[in-house]
Amino acid sequence: MSKNVTVNSKSNMKFLYAGIAIALILAVLAPFLASPDPDGLESAAGGVVSEEKLAEMEEAGSVFSSPMPDYGIEGMGKSGEVAAIVVGTLLVLGISYGLGKMIKK
């Protein structure tokens, strides 16, 4: 029975590493595959709120400033977008891992 648990554990770790690799590959490719058109939220807002009101809201700015607005690092172009998404992906994975460890205890 101990051998079976070890095999499952190794299989789970391989699955975990494959998932992390896939997440990072998607993070690197995302800026090159993403559509330049507005996302669903922006286009839905455009259908509900007038252009003038949207312009006012954009001009007013956000309540909180983002460390990496629009999923990018200012002045770095596509490489800044890749870096921002990779950092965000690693942060989410790290936070999820930490929460999982805390919940397990």
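Everything discussed here concerns the structure shown above.
Residues numbered from 1 in each chain as written. Predicted model: local features only at pLDDT ≥ 70, side-chain atom pairs only at ≥ 80, totals over all residues. Heavy atoms only, no water.

## Things to note about the overall build of the protein
Filter applied, for reference: Per the convention used, a helix needs a DSSP run of H or I reaching at least four residues, while a strand needs a run of E reaching at least two, with both numbered from the N terminus. In this treatment the radius of gyration is a C-alpha quantity, and the globule benchmark scales as 2.2 Å times the residue count to the 0.38 power. Residue exposure (1.4 Å probe, protein chains only): buried if accessible area is under 20% of the type maximum, exposed if over 50%, otherwise partly exposed. Note on contacts: a residue pair is in contact if any heavy atoms of the two residues lie within 4.5 Å. Accessibility throughout is a Shrake-Rupley quantity obtained with a 1.4 Å probe, and a residue counts as covered only by protein chains that appear here. Only four residue types enter the tally: Lys and Arg on the positive side, Asp and Glu on the negative side; His and the chain ends are excluded. Note on charges: their place is set at NZ of Lys, CZ of Arg, CG of Asp or CD of Glu.
Of regular secondary structure, the protein possesses 4 helices and 0 strands. Written out in order from the N terminus, the α and β elements of the protein read α-α-α-α. A compact globule built from 105 residues should have a C-alpha radius of gyration of about 13 Å, whereas the protein, at 20 Å, is more than 25% larger. A principal-axis box enclosing the C-alpha atoms of the protein has dimensions of 70 × 30 × 25 Å. Residue burial in the protein is summarised as follows: out of 105 residues, 9% are buried. Taking the intrachain contacts of the protein between residues at least 6 apart in sequence as the baseline, contacts between residues at least 24 apart amount to 55%. Summed over all atoms, the accessible surface of the protein reaches about 9,000 Å², with 66% contributed by carbon and sulfur. In the protein, 8 side chains carry a positive charge and 11 a negative one; their mean positions are 36 Å apart.

## Details of the environment of serine 96
Secondary-structure assignment places serine 96 in helix 4 (residues 77–104). Here serine 96 falls in the partly exposed class, since its relative accessible area comes to 44%. For the pair formed by serine 96 and leucine 26, sequence separation is 70 residues and the distance between their alpha carbons is 18 Å.

## Thoughts on the environment of glycine 72
Here glycine 72 shows up in the loop between helix 3 (51–60) and helix 4. Judged by relative accessible area, which is 10%, glycine 72 ranks as buried. Considering only alpha carbons, one finds glycine 72 and leucine 91, 19 residues apart in sequence, at a separation of 15 Å. In this structure, glycine 72 is in contact with Gly80, Glu81 and Ala84, ignoring residues within four places of it in sequence.

## Notes on the pattern of salt bridges
For clarity, the threshold we go by: When a carboxyl oxygen of Asp or Glu is within 4 Å of a side-chain nitrogen of Lys or Arg, the pair counts as a salt bridge.
One pass over the full model with this rule turns up 1 salt bridge. The salt bridge partner of glutamate 81 is lysine 78, with a shortest N-O separation of 3.8 Å. With glutamate 81 and lysine 78 both in helix 4 and 3 residues apart, this pair spans about one turn of that helix. The class of glutamate 81 is partly exposed, set by a relative accessible area of 25%. Taking the relative accessible area as the measure of exposure, lysine 78 reaches 40% and is therefore partly exposed.

## Digging into a nonpolar patch on the surface
Note the cut-off: Residues forming no salt bridge and having over 30% relative accessible area are the ones grouped into patches, like charges within 9 Å of each other and nonpolar side chains (Val, Leu, Ile, Met, Phe, Trp, Tyr) within 5 Å.
On the surface, Val87, Leu91, Ile95, Leu99, Met102 and Ile103 cluster together into a nonpolar patch covering about 620 Å² of accessible area. Among the secondary structure elements, valine 87 is positioned in helix 4.

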